[in-house]
Amino acid sequence: MADLLHVLPDFDTHPYAHLLPSLEKSLVTTADILTLDAADVARRVQKPVDEIRGLADALLKEIHCQCGFIDYDVSESDDGSRDRTAKSGLASKGEAVAAQWQAISTMDATLDAALAGGIPTGYVTEMTGESGAGKTQFLLSLLLSAQLPPPDGLARSSLYISTEAPLATTRLSQMLSRHPNLSALPASSKPSLSRILSIQTPDLESQDHILRYQVPVAVRRHNIGLVILDSVAANYRAETERPGARNSAAAMAKRSASLIQLGALLRHLAREENVAVVVANQVADRFAPAVRPNPPSRPPSRNVYGGADGVRASGSARSTPPQRPSSTPTATEEPMTLDHQQRWFTGWGDDDDSTSPSTSQSLKTPSLGLTWTNQIAARIALIKEPEYSEGLDAGGERELVRWRRRMRVVFAAWAAPNEGVEFEIGEGGVRSVGE
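Structure report, in brief. Keep in mind that what you see is a predicted model, and the values were worked out from it rather than measured.

### Structural notes on the overall build of the protein
- When helices and strands are tallied, the protein shows 16 helices and 15 strands.
- Taken across its 435 residues, the protein has 40% of its residues classed as buried.
- Nonlocal contacts in the protein, meaning residues at least 24 apart in sequence, comprise 65% of its contacts between residues at least 6 apart.
- Carbon together with sulfur atoms contributes 53% to the accessible area of the protein, which is approximately 24,000 Å² in total.

### A few points about the nonpolar core
- The biggest cluster of nonpolar side chains holds 36 residues, and the ones touching the most others in it are Phe138, Leu143, Leu226, Leu382 and Met407.
- Breaking this core down by element, the ones donating at least two residues are helix H7 (109-114), helix H8 (135-145), helix H9 (169-178), strand S8 (224-230), strand S9 (276-281), strand S12 (378-392), strand S13 (398-411) and strand S14 (421-426).
- Examining the composition of this core, we find that 6 residues originate from one element, H8, more than from any other.
- When neighbours within four sequence positions are excluded, Leu382 is seen to be in contact with Met127, Thr128, Gly129, Glu130, Ala133, Gly134, Lys135, Phe138, Trp348, Arg406, Met407 and Phe423.
- Leu159, Val275, Leu368 and Trp372 belong to the second-largest nonpolar core, a separate cluster that totals 35 residues.

### Some remarks on the packing of H8 against H9
- Where H8 meets H9, the closest approach of the two axes is 10 Å, and the angle between their N-to-C directions is 65 degrees. With respect to the hand of their crossing, H8 and H9 are arranged in right-handed fashion. Residues Gln137, Leu140, Ser141 and Leu144 of H8 touch H9, and the partners they reach there are Arg171, Leu172, Met175 and Leu176.

### A look at the packing of aromatic side chains
- This structure, assessed with the given rule, holds 3 aromatic pairs.
- Summarising the aromatic geometry, the rings of Phe11 and Tyr16 are spaced 6.0 Å apart at their centres and angled 20 degrees between planes, so their arrangement reads as stacked.
- Phe11 sits in the buried class, given a relative accessible area of 7%.

### Quick word on the environment of Pro151
- With respect to the helices and strands, Pro151 occurs in the loop between H8 and strand S6 (157-162).
- In the structure, Pro151 is positioned 47 residues away from Ile104 in sequence and 7.8 Å away in space, judged by C-alpha atoms.

### Examining the pairing of strand S15 (residues 429-432)
- Across 4 bridges, the pairing between S14 and S15 is antiparallel. Among the inter-strand pairings, Glu424 is bridged to a residue of S15, identified as Arg431.
- Here S14 hands over to S15 after 2 residues, the two strands then running antiparallel side by side.

### Looking at unusual backbone geometry
- Residues Pro150 and Pro151 are joined by a peptide bond in cis, for which omega reads 5 degrees.
- In this model, Asp230 is joined to Ser231 through a cis peptide bond whose omega is 0 degrees.
- Positive phi, normally seen in glycine, also occurs at Ala155, with a value near 55 degrees.
- Tracing the backbone shows Ala155 in the loop between H8 and S6.

### Comments concerning the sheet that holds S15
- Reading across the sheet, the 9 strands line up as S7-S6-S8-S9-S5-S12-S13-S14-S15 and stay open at both edges, with mixed pairing between neighbours. Each edge of the open sheet carries a strand with a single partner, namely strand S7 (196-200) and S15. Strand-to-strand twist of the sheet, defined as the mean angle between neighbouring strand axes without regard to direction, takes the value 25 degrees.
- In terms of strand pairing, S6 meets S8 through 6 bridges, oriented parallel. Opposite Ser162, over in S8, you have Asp230 as the bridge partner.

Cut-offs applied
Residues numbered from 1 in each chain as written. Predicted model: local features only at pLDDT ≥ 70, side-chain atom pairs only at ≥ 80, totals over all residues. Heavy atoms only, no water. Helix = DSSP H or I, 4+ residues; strand = E, 2+ residues; numbered from the N terminus. Buried < 20%, exposed > 50% of the residue type's maximum accessible area, 1.4 Å probe, protein only. Contact = heavy atoms within 4.5 Å. Areas by Shrake-Rupley, 256 points an atom, 1.4 Å probe, with all protein chains shown as cover. Core = buried A, V, L, I, M, F, W, Y, C linked by side-chain atoms within 4.5 Å. Axes fitted to C-alpha atoms, helices over the stretch in contact; angles between N-to-C directions. Left-handed = near helix turned anticlockwise from the far one by under 90°. Phe/Tyr/Trp six-rings, centres within 6.5 Å; stacked < 30°, edge-to-face > 60°. Pairing = 2+ DSSP bridges.

Dropping the structure here:
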């Protein structure tokens, strides 16, 4: 259970202190407690089955509490342990959450429909895409629309945390004056740049300090409803690509632990303060798996009788099972790889023509790997695709006409995955393109 405090940092371990050493010694993880049969775990650690079941029930209740399904009153007893009493059941809590549903509009009806209403509060949403796909334009639009009154916004301020370039105030001013929904508003209800707080984090140490201590105070003091981190991968890349950085297994494990802590921190902020947390993420090129060559043919060996394999020296044949013809395996056929699963959580690779050479060359994978993917509630991919002319130029190549941009929901806790909506970037921000 060494991973318990990473998975559930607020879990009260005091009632189960006598179980944790045995669980840790037997290499039992939190996932094992929740998924394996309690009798099997009890037999493995030599502990009573009822106590293992009690721990599993407590872990499940803690997860439900963090996800917002059950609300608890927390009281501390004389021995230092914490007692929790459920305020409401799953059904009543679900009704309350549904009644308090709040979302930030993209200020485009078609894009909002693809997102099932917009970007909701209480969740961590990732927006990923390559350079020039439109991530920053989407984020700037959200900074303004969050200030609008419901149902288009939250009537609250916004916080922009940058790990790269500073906030583009000139572009925000252009959106305010050119977007049809914003320019027509009276001055009293129009979003303002003064209600957008901005801060830069040059490294991981300052990022952790800002998110852990400064952001919660700023959210309460300035009535912030939207927190944007642009981008989540920049500081991690800077740490791993700097001169002298170690990329050993221990370093990767340390980075995974840091990502888990960051995800828990952002989810706690979104849930406790009822804010929408949106993070931008970069992507990396994904290459087709290499094909392994067939193993060289092995000449028949001689057996103890002096003949070839399966044949005695006397000429009598030895019965052998028929050999299965060898095939050429690829990396995607390895059971422990995730190459064949990336289409379902990256946003690239599940199109009908994804096997064509032109498409396979443009496949992307969001940065920070599967560890970070498990920390977010939704992934929105902004895909940039080239459009070429039908004819060939003098050099025998097709001419690039324009870049088409598409927004698609890869996975989300509130919206179904979809094929995406084509959009374009104008002076007023992002807007969908009709069929």
